[in-house]
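What the coordinates show
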Amino acid sequence: MSAEKIAAEVRSEFGKGAARRIRREGKIPAVLYGHGQDAVHVTLPGHDTTMALKHLGANALLELDIEGTPQLALSKAVQVDPVRRMIEHIDFVAVKTGEKVTVDIPIHLVGEAVRDSLVVTEHSTISVEAEATHIPEFIEVSIEGAEVGTQLHASDLSLPKGTSLLTEGDVLIVNVSAAPTAAQMEAEPGAEAAEAEVESAGSSEE
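What comes next is a walk through the structure. (Residues numbered from 1 in each chain as written. Predicted model: local features only at pLDDT ≥ 70, side-chain atom pairs only at ≥ 80, totals over all residues. Heavy atoms only, no water.)

**A look at the pairing of strand β1 (residues 4–10)**
Here is the rule we go by: Strand pairing is assigned whenever DSSP identifies at least 2 bridges connecting the two strands. The secondary structure listing takes helices from DSSP runs of H or I that are at least 4 residues long and strands from runs of E that are at least 2 residues long, numbered from the N terminus.
For β1 and strand β4 (residues 61–66), the ladder comprises 5 bridges, and the chain directions are parallel. Bridging across to β4, Ile6 finds its partner in Leu64. Note that β1 and strand β3 (residues 37–45) share 2 bridges and pair antiparallel. Note that in β3 the partner of Glu9 across the bridge is Thr43.

**Observations regarding the sheet that holds strand β7 (residues 100–110)**
Read across the sheet, 4 strands follow the order β10-β7-β9-β12 without closing on themselves; strand pairing throughout is mixed. Two strands lie at the open edges of the sheet, namely β10 (139–142) and β12 (164–165), each paired on one side alone. The pairing of strand β9 (residues 125–131) with β12 spans 2 bridges and is classified as antiparallel. Counterpart to Glu129 in the pairing with β12 is Ser164.

**Some remarks on the pattern of salt bridges**
Keep this limit in mind: One speaks of a salt bridge when a side-chain nitrogen belonging to Lys or Arg is within 4 Å of a carboxyl oxygen belonging to Asp or Glu. Buried residues are those whose accessible area, probed at 1.4 Å on protein chains only, stays under 20% of the maximum for their type, while exposed residues exceed 50% and partly exposed ones sit between those limits.
Tallied over the full model, the rule gives 3 salt bridges. Close ionic contact of Glu9 with Lys27 constitutes a salt bridge, the shortest N to O distance being 3.7 Å. Of this pair, Glu9 sits in strand β1 while Lys27 sits in strand β2 (residues 27–34), and the two are 18 residues apart along the sequence. Note on Glu9: relative accessible area 43%, which makes it partly exposed. Take Lys27: its relative accessible area is 27%, and that puts it in the partly exposed class. With its nearest N and O atoms 4.0 Å apart, the salt bridge here joins Asp81 to Arg84. In this structure Asp81 comes out as buried when scored by relative accessible area, which is 13%.

**Regarding the sheet that holds β3**
Rules: Here an angle of 0 to 180 degrees is reported between the N-to-C directions of two axes, which are lines fitted to C-alpha atoms, with helices fitted over the stretch in contact.
Pairing is mixed around the closed barrel formed by 6 strands, whose spatial order is β1-β3-β2-β6-β5-β4. On average, each strand axis in the sheet is inclined to that of its neighbour by 45°, with strand direction left out of account. Relative to strand β6 (residues 87–95), strand β5 (residues 69–80) is paired through 8 bridges, and the arrangement is antiparallel. In the strand pairing of β6, Leu72 is matched with Val95.

**Details of the side chain of Thr43**
Considering the arrangement of structural elements, one finds Thr43 in strand β3. The class for Thr43 is buried, based on a relative accessible area of 8%.

**Concerning the environment of Pro136**
Basically, it comes down to this: Residues are treated as being in contact if the distance between any of their heavy atoms lies within 4.5 Å.
Structurally, Pro136 is set in the loop between β9 and β10. Separated by 24 residues in sequence, Pro136 and Pro160 place their C-alpha atoms 7.4 Å apart. If sequence neighbours within four positions are ignored, Pro136 has contacts with Ile105, Ala130, Pro160 and Thr163.

**Describing the side chain of Thr163**
Its location among the elements puts Thr163 in the loop between β11 (151–153) and β12. The contact partners of Thr163, leaving out residues within four places of it in the chain, are Val128, Glu129, Ala130, His134 and Pro136.

**A closer look at the environment of Ala52**
Note that Ala52 resides in helix α2 (residues 46–56). C-alpha separation for the pair Ala52 and Ala3, spaced 49 residues apart in sequence, amounts to 9.2 Å. Sequence-distant contacts of Ala52, that is, excluding residues within four places in its chain, are made with Glu4, Ile6 and Leu62.

**Things to note about the pairing of β2**
Along a regular strand, successive side chains alternate from one face of the sheet to the other. Inspection of the sheet shows β2 paired to β3 by 7 bridges, in the antiparallel sense. For Val31, the partnering residue across the bridge sits in β3 and is His41. In this structure, the hairpin formed by β2 and β3 is closed by a connection of 2 residues, where His35 is found at a positive phi of approximately 55°. As paired strands, β2 and β6 are joined by 4 bridges and run parallel to one another. Bridge assignment links Val31 to a residue of β6, and that residue is Asp91.

Next up, the structure:
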């Protein structure tokens, strides 16, 4: 994972009012923690930062240019407005080249299981330890031709070199079962309850 360079300005104003002013200017308030140092509050360019996070995905690694001083920063928490879908605030942790970090990596399924099967992703992420500059964007899991009854656990996953699994090996990641038939769907408790309500309503009308 390569780091994208983003210019950052140190800010001294805090609170909701200051954050709103920053966002009105098209910028994003952020804070940088790590290595036993005091938190550094910064302002980032809104468009460039948003595009970088979209491109890099989860665990985005940025090289913040904090008024002339470069600092690798790993995104840990991104607050997004639920309505406008705009980034409101970002928490970063400072990292160094070669430093190991603990991160959650998303699972991506590829391929298709056999017909009439139901594929359930029991866990959509796994916890790993990796070098800050070599964090995989996702872990690819192939289910091509997987038969009913197939179960893939964390220990079955293929991880990139230098990445260590922290999630317990027996944790179920993917479960392939038989897809329910039409008869089974109709026999579900919810369907029976709905039929009972209809019959009850018909009786009362009579």
